[in-house]
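# Structural overview for review
Chain by chain, the residues:
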Amino acid sequence: MPLRIYNTLTRKKELLQPIEDNHVKLYVCGITSYDYCHIGHARSALVFDMVVRYLRYRGYKVTFVRNFTDIDDKIIKRANEQDIDSAALALRFIDEFYTDMDALGTVRPDIEPKATEHIGEMTELIQTLIDKGMAYPSGGDVYFRVERYDGYGRLSGRSLEDMQAGARIEVNEQKENPMDFVLWKAAKPGEPKWTSPWGDGRPGWHIECSAMSKKYLGATFDIHGGGKDLIFPHHENEIAQSCGASGMEFANLWMHHGFVTIKDEKMSKSLGNFLTIRDVLQQYSAEELRLFIFSTQYRNPLDFSEHALQDARAGLERMYDCLAKIEQLPAGDEQGPQVVGKKDRDKLESLEERFQHAMDNDFNTAQALGLLFDAVKTLNKVLRAAGGQVAADDYNLLTTTAATIKQLGEVVGILQHDPVEVMQQKKEQLLAAIDLSEAEISNLIEKRNQARANKDWATSDEVRDTLLASNIVLKDGPDGTTWDVK
RNA sequence: GGCGACGUAGCCAAGCGGUAAGGCAGUGGUCUGCAAAACCAUUAUUCAGCGGUUCAAAUCCGCUCGUCGCCUCCA
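Only a predicted model underlies this, so the values are computations on that prediction, with no experimental measurement involved. Each residue is numbered by its place in its chain's sequence as written, counting from 1. In the order they appear in the text, chains get letters beginning with A and ligands get numbers beginning with 1. Totals for whole chains, interfaces and linings use every residue, but because this is a predicted model, local features are given only for residues with pLDDT of at least 70 and side-chain atom pairs only at 80 or more, for both listing and counting. With hydrogens and water stripped out, all remaining heavy atoms of the structure feed into the side-chain values.

## Points about the overall build of chain A
Elements are defined by DSSP. Helices are runs of H or I of four residues or more, strands are runs of E of two residues or more, and each kind is numbered from the N terminus. Scanning chain A from N- to C-terminus turns up 17 helices and 15 strands. With respect to the principal axes defined by its C-alpha atoms, chain A has extents near 95 × 50 × 35 Å. Intrachain contacts of chain A at a sequence separation of at least 6 include 76% that bridge at least 24 residues. Accessible surface area values rest on a Shrake-Rupley calculation with a 1.4 Å probe, where residue burial reflects the displayed protein chains alone. Total accessible area on chain A stands at roughly 22,800 Å², and carbon and sulfur atoms take up 48% of it. Contact between two residues is taken to exist if any of their heavy atoms lie within 4.5 Å; hydrogens are not considered.

What follows is the structure in structure tokens.
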């Protein structure tokens, strides 16, 4: 029954115990909007989409906040390169982000705050830190005084000494300590700026999340999430700012997902080995992409390859095919022979429970999906054994299990389309690429059936080979011949 | 250099102290005129290597090797 989540802070799986009974408050670091999103961003969005869906499925109320960083060095730089306004650039890529998210079918967060709309909250927080001696203005900037916060390094598991030893930080004369980080940046000429007690400027990156999470979720909340690359310095600094200012705990649980890699290297802009979400969605459906992403547990690295996506496609089709067959099954016959054995019945009836058990273990989607596939395997076996004549009891088991599979699929966002239609659409799509209509295929099948009735195998095989040349595969079953596009 | 993660069949991937899920691919069989599909069976005496703890280890501990990540913007 209990849901356990791996907490980066303690390096252990911990029971989820929301501060407010049954209400989970979740903050996720969103994108910096200056470019199209790549598959790594898709993984992030999809992982937390799954988390929210699962928590809600388990009966929790979830308040989900995900921010937009719409002011930052990269945005300014990119806007300058294109000679456009930085705010306009940021807005444009927020729009593009929504386009991608809608295509992926992710649930919208409840609140999506933008950094530029919370400057007041940030300056207030910075002032609190200055008042407490945890921050200091210097030359128009304001810096966080890292040595004044005892717990600095506890999230990333490193000591201040370790970090200083290997510091690759640029020497900055304005800092008291090289590890101090900026809370407020003085504006250079021509840069976007806001007024503050320390002069015109803009916020540093980390302060926005501290300010906005506090505003919408409170000083202490349940889960804070993001990619592994945010652990240091971003989340470490958030903890320092938030705990430093409030004197209270910040997020109770820290969830960090692994990277998407290509040939085992991190996908990133600097390496140039990234694919955008829309690139991939041109070739693969959102559900295929989801199946691929959830084929491994969220903390592990996930290697992107054409082969892996093809596997996901084959797997998803296998599931839909099974569901479609059940949907088209004639209602159960009271007289029909029962073919489902006790072992299979128990297995199918306990599917939801076992699925929950897997997901309760730190959202183990890989195992959960394995259980779904295992159920499909069993359903296929039953369908085969029944041969179209299903006993009423078996029929009920088949249809309720199919409904359960669809319901559980919703947690990871797959199997949400009508199975019969999906299989039909798949055919039509592929047919469109071939110069044959369904009617022509039916005619050819009819011709072949006549030839077969006359035991004219030469003609029969000729028809089959002709169709095969157009990627149409014939399947002779007990109820006649059906076909599929290869 | 500091810190961390990972190494399970041809590929992907669960399992986290009680004797190796699942997917893709392969092989044999049922079915078929022959096929295809589907189904059934089968595919790791073994979990990078070497030691140790334990009645029992892929699972815990130590060392070695290998891969990757963070330490600078990054999901």
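Having seen the structure, we can now continue with the description.
## Looking at the packing of aromatic side chains
Stacked, edge-to-face and tilted are the three classes for Phe, Tyr and Trp ring pairs, Trp counted by its six-membered ring, which pair at centre distances within 6.5 Å; planes under 30 degrees apart are stacked, over 60 edge-to-face, the rest tilted. Counting across every chain of the model gives 15 aromatic pairs. Seen from their ring centres, Tyr36 and Phe93 are 5.2 Å apart, and the 90° between their planes marks the pair as edge-to-face. Within this pair, whereas Tyr36 is found in the loop between β3 (23-28) and α1 (39-57), its partner Phe93 is found in helix α3 (residues 86-104), the two being separated by 57 residues in sequence. Residue classification places Tyr36 among the partly exposed positions, given a relative accessible area of 27%. Classification of Phe93 by relative accessible area gives buried; the value is 4%. Ring geometry for Tyr298 and Phe363: centres 6.4 Å apart, planes at 65°, overall edge-to-face. A residue pair is termed long-range when its members are at least 10 positions apart, and Tyr298 in the loop between α9 (286-293) and β13 (302-303) and Phe363 in the loop between α12 (351-360) and α13 (365-386) qualify at 65 residues. Think of it in three bands: with a 1.4 Å probe and only protein chains considered, a residue is buried below 20% of the maximum accessible area for its type, exposed above 50%, and partly exposed in between. According to the relative accessible area criterion, Tyr298 is buried, its value standing at 3%. One aromatic cluster in this structure is built from Tyr27, Phe221, Phe250 and Trp254. Only when the NZ atom of a Lys or the CZ atom of an Arg is both within 6 Å of the ring centre and within 35 degrees of the ring normal do we say a charge sits over the ring. We note Arg299 situated over the ring of Tyr6; from NZ or CZ to the ring centre the distance is 4.0 Å.

## With respect to the sheet that holds strand β11 (residues 260-262)
The three strands lie next to each other as β12-β11-β13, forming an open sheet whose pairing is mixed. Strand pairing shows two members of the sheet lacking a second neighbour, β12 (265-266) and β13, which therefore form its edges. For two strands to be treated as a pair, DSSP must find no fewer than two bridges joining them.

## Considering the protein's contact with RNA strand B
The rule for a residue being near a molecule or strand is that one of its heavy atoms must lie within 4 Å of it. As a structural note, the neighbourhood of RNA strand B is formed by 52 residues, with Lys74, Trp205, Gly227, Met267 and Asn364 the closest of them. For RNA strand B, the backbone portion of the atoms within 4 Å of the protein, that is sugar and phosphate, comes to 59%. Polar contacts, as used here, are pairs of N or O atoms within 3.5 Å; protein pairs need one atom able to donate a hydrogen and one able to accept it. Residues neighboring in sequence count only if both atoms are side-chain atoms. The contact in question runs from a base nitrogen of RNA strand B to an N or O atom on the backbone of Met267, over 2.3 Å. Elements supplying a minimum of two residues to the surface near RNA strand B: α1, β9 (221-227), β12, α10 (306-327), α13, α16 (438-453), α17 (457-469) and β14 (472-477). Looking at the surface near RNA strand B, the element that brings in the most residues is α13, giving nine residues.

## Overview of the nonpolar core
Grouping buried Ala, Val, Leu, Ile, Met, Phe, Trp, Tyr and Cys residues that are joined through side-chain atoms within 4.5 Å yields what is termed a nonpolar core. Counting residues in hydrophobic clusters, the biggest one holds 87 residues, and the most contacted among them are Ile5, Leu16, Phe292, Phe304, Phe363 and Ile405. Ranked by the residues each element gives to this core, the list is headed by α1, at 11 residues. Each domain's extent was defined by an automatic or database domain assignment. Of the residues that make up this core, three or more belong to each of domain 1 (4-137 + 144-157 + 204-279) and domain 2 (306-420). With sequence-adjacent residues up to four places away left out, Leu16 is seen in contact with Leu3, Ile5, Val24, Leu55, Tyr60, Ile223 and Leu253. If you look at the next biggest cluster of nonpolar residues, it comprises 43 residues, including Ile71, Ala135, Val142 and Leu160.

## Overview of the domain arrangement of chain A
Along its sequence, chain A is carved into domain 1 (4-137 + 144-157 + 204-279), domain 2 (306-420) and domain 3 (433-485). The C-alpha centroid of domain 3 is placed 56 Å from the C-alpha centroid of domain 1.

## Overview of the pairing of strand β1 (residues 4-7)
Pairing geometry for β1 and strand β2 (residues 12-15), over four bridges, is antiparallel. Residue Ile5 lies in a different strand from β2, and its bridge partner there is Glu14. Following β1, the chain reverses through four residues before pairing antiparallel with β2; Arg11 in that reversal takes a positive phi of roughly 60°.

## Structural notes on the sheet that holds strand β7 (residues 181-186)
Read across the sheet, four strands follow the order β5-β6-β7-β8 without closing on themselves; strand pairing throughout is antiparallel. Each of the sheet's edge strands pairs with one partner strand only, and the pair in question is β5 (135-138) and β8 (201-203). Ignoring strand direction, the axes of neighbouring strands in this sheet form an average angle of 20°. Both β5 and strand β6 (residues 141-144) contribute to a ladder of four bridges, which runs antiparallel. When the sheet's bridge partners are listed, Pro137 is paired in β6 with Val142. Lines fitted to C-alpha atoms define the axes, with helix axes restricted to the stretch in contact, and inter-axis angles between N-to-C directions lie between 0 and 180 degrees. Sheet contacts for helix α4 (residues 119-131): β5, β6, β7 and β8; angle to β7, the most-contacted strand, approximately 125°.

## Some thoughts on the pattern of salt bridges
Salt bridges, as used here, are contacts in which a Lys or Arg side-chain nitrogen is within 4 Å of a carboxyl oxygen on Asp or Glu. If you walk through the whole model with that rule in mind, you get 34 salt bridges. Residue Asp229 pairs with Lys266 through a salt bridge whose shortest N-O separation is 3.5 Å. Taken together, the positions of Asp229 in the loop between β9 and α7 (231-246) and Lys266 in strand β12 put the pair 37 residues apart, joining distant regions of the chain. A residue is classified by how much of its surface remains accessible, and Asp229, at 37% relative accessible area, is partly exposed. A network of salt bridges, in which partner residues are shared, links Asp35, Lys77, Arg78, Glu81 and Lys269.

## Points about unusual backbone geometry
Between Phe232 and the following residue, Pro233, the backbone shows a cis peptide bond with an omega angle of 5°. Mapped onto the fold, Pro233 is located in helix α7. One non-glycine residue with positive phi stands out, namely Arg11, at about 60°. Position of Arg11 among the secondary structure elements: in the loop between β1 and β2. Unusually for a residue other than glycine, Leu415 sits at a positive phi of about 60°. With respect to the secondary-structure elements, Leu415 resides in the loop between α14 (392-412) and α15 (419-432). Given a relative accessible area of 1%, Leu415 falls into the buried group.

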